[in-house]
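Residue strings, one per chain:
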Amino acid sequence: MGASSSPPQSSSEVVAERRGIPAASFVKDVEAYLNQLGLDVNSTLAFLQERLQQYKVVEMKLLAQQRDLQAKIPDIEKCLDVVATLQAKDSDEALLTDFEVSEGIYARARIENSNSVCLWLGANVMLEYSSEEATTLLQNNLENAKASLEVLVADLQFLRDQVTITQVTIARVYNWDVHQRRVKQASSSQDS
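For the structure given in this document, a descriptive report is provided here. (Residues numbered from 1 in each chain as written. Predicted model: local features only at pLDDT ≥ 70, side-chain atom pairs only at ≥ 80, totals over all residues. Heavy atoms only, no water.)

Attention now moves to the nonpolar core. One finds I21 and L62 to be the most contacted residues of the largest nonpolar core, which totals 37 residues. When contributions to this core are tallied by element, the ones reaching two or more residues are helix 1 (30-37), helix 2 (41-88), strand 5 (116-122) and helix 3 (131-191). Tallying contributions element by element places helix 2 first for this core, with 14 residues. For L62, the contacting residues outside a window of four places in its chain are I21, L152, D155, L156 and L159. (Core = buried A, V, L, I, M, F, W, Y, C linked by side-chain atoms within 4.5 Å. Buried < 20%, exposed > 50% of the residue type's maximum accessible area, 1.4 Å probe, protein only. Helix = DSSP H or I, 4+ residues; strand = E, 2+ residues; numbered from the N terminus. Contact = heavy atoms within 4.5 Å.)

The following block contains the structure:
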């Protein structure tokens, strides 16, 4: 998340993290929390705001990864369908199909021998596989993408919980400070 120092946690609180995302701790007693940290209200609020910003940055990265995976899964499924169609066709007859050359531009192709397929692996690399190998590879990729998406969704939920806890803690510390100032002001006006 960053190289910021984190305030010590009380011994009664269990601090956990999920895949490098530090857990926020709910503060029940603000005064005890501030005394334990040895920080004033403004320093504590600054630390909590920094942590909240770090959570937001991580959330943006996770959301981008989620969007990428959500776009990748339909592509893999589409490739699996194409390979299954090629495997299902009669080897004697040619298959006429339209394929996308570029966005919105299609070309007609005649596929005569479909014992093998070529798959883009990324980084401008394409390899030829037998239909069975391609199906196995694509199914593995699909399973991995779905598993990664599940982990990302869980990470995002954990992160949203930490954002909520941090926001509540900021509000509690701020409100405690306002209350203390009012008590101090009321006591000083009564003394006068």
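Attention now goes to the environment of V173. In this structure, V173 sits in helix 3. Sequence separation between V173 and N42 is 131 residues; the distance between their C-alpha atoms is 9.4 Å.

Under the counting rule described, the total for this entry stands at seven salt bridges. The residue D155 makes a salt bridge to R18 at a minimum N-O spacing of 2.5 Å. Of the two residues, D155 is situated in helix 3 and R18 in strand 1 (residues 17-18); the sequence distance between them amounts to 137 residues. With a relative accessible area of 28%, R18 lands in the partly exposed category. When the shortest N-O distance is used, the salt bridge between R110 and E112 registers 3.1 Å. Just as R110 is exposed, E112 falls in that class too. Salt bridges linked by common partners bring R18, R19 and D155 together as one network. (Salt bridge = Lys/Arg side-chain N within 4 Å of Asp/Glu carboxyl O.)

A few words on the side chain of T166. Tracing the chain through its elements places T166 in helix 3. Look at T166 and you get buried, because its relative accessible area is 3%. Ignoring sequence-local partners within four residues, the contact set of T166 consists of A24, L48, L52 and Y55.

Bringing the state of the cysteines into the picture now. Covalent bonding between the sulfur atoms of two cysteines defines a disulfide. In total, this model carries zero disulfides according to the counting rule given. A disulfide-free cysteine, C79 has its sulfur positioned 12 Å from the sulfur of C118, the nearest such atom. (Disulfide = S-S within 2.5 Å.)

Side chains of F99, V101 and I105 sit close together on the surface and give an oily, nonpolar patch of about 290 Å² of accessible area. Inspection of the secondary structure puts F99 in strand 3 (residues 95-102). (Patch = residues over 30% accessible without salt bridge, like charges linked within 9 Å, V, L, I, M, F, W, Y side chains within 5 Å. Areas by Shrake-Rupley, 256 points an atom, 1.4 Å probe, with all protein chains shown as cover.)

Within the secondary structure, H179 is located in helix 3. Spatially, the C-alpha atoms of H179 and T166 are 20 Å apart, while their sequence positions differ by 13 residues.

Let us now look at the packing of helix 2 against helix 3. As a packed pair, helix 2 and helix 3 sit with axes 7 Å apart at the nearest point and diverge in direction by 160°. Considering the angle they form, helix 2 stands roughly antiparallel to helix 3. You can see that helix 2 and helix 3 cross each other, and the crossing is left-handed. Taken together, the residues of the contact of helix 2 with helix 3 sort by class into 28 nonpolar, 15 polar and eight charged. (Axes fitted to C-alpha atoms, helices over the stretch in contact; angles between N-to-C directions. Parallel < 35°, antiparallel > 145°, perpendicular 65-115°, else oblique. Left-handed = near helix turned anticlockwise from the far one by under 90°. Nonpolar A, V, L, I, M, F, W, Y, C, P; charged D, E, K, R; others polar.)

The next subject is unusual backbone geometry. The residue A123 is not glycine, and still its phi comes out positive at about 55°. Among the structural elements, A123 can be located in the loop between strand 5 and strand 6 (125-130). In this model, N124 sits at a positive phi of 55°, which is unusual for a non-glycine residue. Relative to the helices and strands, N124 resides in the loop between strand 5 and strand 6. On the basis of relative accessible area, N124 is assigned to the exposed category, the value being 75%.

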